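Descriptive analysis of the structure
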Amino acid sequence: MKKNWQELASYQPRVTKLLTNSIEKERLAHAYLFEGKKGTGKKDVGLLLAKSFFCEDLQNYIPCQNCRNCKRIDSGNHPDVHIVEPDGLSIKKGQIQALQEEFSKSGVESNKKLYMIVHADKMTINAANSLLKFLEEPNANTIAILLTEQYHKMLNTILSRCQLLSFHPLQPKVIQETLIESGVSSNIAALVSQLTNDTEAAFELSKDDWFAQARMKVIKLYEVLVNRKGQAPLYIHTEWMIHFNDKEKQDTGLDLLLYLYKDILSVQVGNDDQVIFQDMIQLIKQHALQMTQRSVTEKITSILEAKKRLHANVNPQLLMEQLVLTLQEG
């Protein structure tokens, strides 16, 4: 799906405003460093900046998306736009030297050139030093965009030559809406968007059959806790531990259970629109009337404590058996 400035402004407003103002005033910097967590739109913004830089029919700062340059940037084969990614675990000196050779030639289509270095923190020392020489003597119509999730690992001399733009983690609502637009069910999208702020990772998780089953296992555990209290330890033994069979999966299971109890609290304080398990809202409303806020808060605290103990290497089955006994009290 093609990204546009308006869409990107909805989740990276500060970055978008700064860049679009610079495009309109023709004051783009020679080098940018986009830093932020994975999935925050750094590469999308970089490619859109490239389109605004090369577009043949630019309106203020908005690329037309249809001219030859915009289409070739979309397809990844514009001769004057170069993207460097790690070769294996690192970006090597030879890759930066090849880029420099490319840029020593005049532009194929015009006198403009743009390059993007993905995971710039993975440059070897030699590669970083080669890039430094490149950044010290910028060409008038050249733009460098460096992307990183760990800018503290980069040379200070490189940082000082780039305009730093920080990308904020995405809000769950943004990820949820993106997933739903991509055809993911609203029930799965609401839950996945709470577990990661990386759209790509969220999309992968939403397609994972194990995760869909995990959601059902958590709902079933909740129903057992409410309606068949004495059977909860048996359920842990016969179903829960089989499905959540390693620490990472057990942690996810506890997260999903946590969100269910948080939903009860949301209803109790009048925030029905914040309920994640929307398909269970009638049942949640019913139980919200039957429990005190203090009781729900204590259950949430118990789950958080169980998550802590899980990472302290407590036996997971014993931990879950103790947790369900605590949750079914009251």
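Everything that follows concerns the structure shown earlier in this document.
Residues numbered from 1 in each chain as written. Predicted model: local features only at pLDDT ≥ 70, side-chain atom pairs only at ≥ 80, totals over all residues. Heavy atoms only, no water.

1. So, the overall build of the protein chain
Within the protein chain, the regular secondary structure consists of 16 helices and five strands. Taken over C-alpha atoms, the radius of gyration comes to 25 Å for the protein chain, far larger than the 20 Å a tight globule of 330 residues would show. A total of 330 residues make up the protein chain; the buried ones form 46% of that total. Look at the contacts in the protein chain between residues 6 or more apart in sequence, and 68% of them connect residues 24 or more apart. Approximately 16,700 Å² of the protein chain is accessible, and the part contributed by carbon and sulfur atoms is 48%. (Helix = DSSP H or I, 4+ residues; strand = E, 2+ residues; numbered from the N terminus. Rg over C-alpha atoms; globule rule 2.2 N^0.38 Å. Buried < 20%, exposed > 50% of the residue type's maximum accessible area, 1.4 Å probe, protein only. Contact = heavy atoms within 4.5 Å. Areas by Shrake-Rupley, 256 points an atom, 1.4 Å probe, with all protein chains shown as cover.)

2. Considering the pattern of salt bridges
All chains considered together, the criterion is met by 15 salt bridges. One salt bridge connects Glu136 with Arg161, and the closest N-O pair in it is separated by 3.3 Å. Note that Glu136 is positioned in helix H6 (residues 125–136) and Arg161 in the loop between helix H7 (156–159) and strand E5 (163–167), a separation of 25 residues in sequence. Lys217 serves as the salt-bridge partner of Glu239, at 3.1 Å between the closest nitrogen and oxygen. With Glu239 in helix H12 (residues 232–243) and Lys217 in helix H11 (residues 209–227), this pair connects stretches of sequence that are 22 residues apart. For Glu239, a relative accessible area of 22% translates into the label partly exposed. (Salt bridge = Lys/Arg side-chain N within 4 Å of Asp/Glu carboxyl O.)

3. Some remarks on the side chain of Lys307
In this fold, Lys307 is placed in helix H15 (residues 293–310). A distance of 2.8 Å separates polar atoms of two side chains, one belonging to Lys307 and the other to Asp251. With residues near it in sequence (within four places) discarded, Lys307 still touches Asp251, Leu254 and Asp255. (Polar contact = N/O pair within 3.5 Å; in protein donor to acceptor, adjacent residues only side chain to side chain.)

4. Quick look at the packing of helix H2 (residues 13–24) against helix H3 (residues 42–54)
Relative orientation of the contacting elements H2 and H3 amounts to 15°, with a least axis distance of 11 Å. Relative to H3, the element H2 is oriented roughly parallel. Crossing geometry of H2 relative to H3 is assigned as right-handed. Contacts between H2 and H3 involve Val15, Leu19 and Ile23 from the former and Val45, Leu49 and Ser52 from the latter. Its residues placed into classes, the contact of H2 with H3 shows five nonpolar, one polar and no charged. (Axes fitted to C-alpha atoms, helices over the stretch in contact; angles between N-to-C directions. Parallel < 35°, antiparallel > 145°, perpendicular 65-115°, else oblique. Left-handed = near helix turned anticlockwise from the far one by under 90°. Nonpolar A, V, L, I, M, F, W, Y, C, P; charged D, E, K, R; others polar.)

5. Structural notes on the sheet that holds strand E2 (residues 81–84)
Each strand in a sheet pairs with its neighbour through backbone hydrogen bonds, running either in the same direction (parallel) or in the opposite one (antiparallel). Pairing in this open sheet of five strands is parallel, and the strands run E2-E3-E4-E1-E5 from one edge to the other. Sheet topology places E2 and E5 at the edges, where each strand pairs with a single neighbour. Direction aside, the axes of adjacent strands within the sheet are offset by 15° on average. Running at roughly 175° to strand E3 (residues 113–117), H3 makes contact with strand E1 (31–36), E2, E3, strand E4 (142–148) and E5 of the sheet. Of the strands in this sheet, E2, E3 and E4 are in contact with helix H5 (residues 93–104), which crosses E3 at around 170°. (Pairing = 2+ DSSP bridges.)

6. Describing H6
Look at H6: 16 Å from first C-alpha to last across 12 residues, which is about the 16 Å you get at 1.5 Å a residue. Among the residues of H6, those classed as buried are Ala127, Ala128, Ser130, Leu131, Leu132, Phe134 and Leu135. In this structure, the buried side of H6 is in contact with E1, H5, E3, E4 and H7. (Expected span 1.5 Å × (residues − 1).)

7. Some details on the layout of surface pockets
Approximately 1,000 Å³ is the volume attributed to the largest pocket. What lines the largest pocket is a set of 38 residues, among which Lys3, Gly41, Lys43, Asp44 and Glu200 lie closest to the centre. Counting residues per element, the ones that place at least two in the lining of the largest pocket are H3, helix H4 (68–75), E2, E4, helix H8 (172–181) and helix H10 (199–206). Looking at the lining of the largest pocket, the element that brings in the most residues is H3, giving six residues. When the residues that make up the lining of the largest pocket are grouped by side-chain class, the tally is 13 nonpolar, 11 polar and 14 charged. (1 Å grid on protein atoms, 1.4 Å probe; cavity = no way out; pocket = protein on both sides within 12 Å on 5 of 7 lines; lining within 4 Å. Points joined across faces, edges and corners; volume = space filled by probe spheres on them.)

8. Quick word on the nonpolar core
A general tendency of soluble globular proteins is for nonpolar side chains to be buried together. By size, the foremost hydrophobic cluster in this structure holds 78 residues, and its most contacted members are Leu19, Phe34, Leu221, Trp240, Tyr261, Phe277 and Met320. In this structure, Ala31, Leu99, Leu131 and Leu146 belong to the second largest nonpolar core, which totals 22 residues. (Core = buried A, V, L, I, M, F, W, Y, C linked by side-chain atoms within 4.5 Å.)

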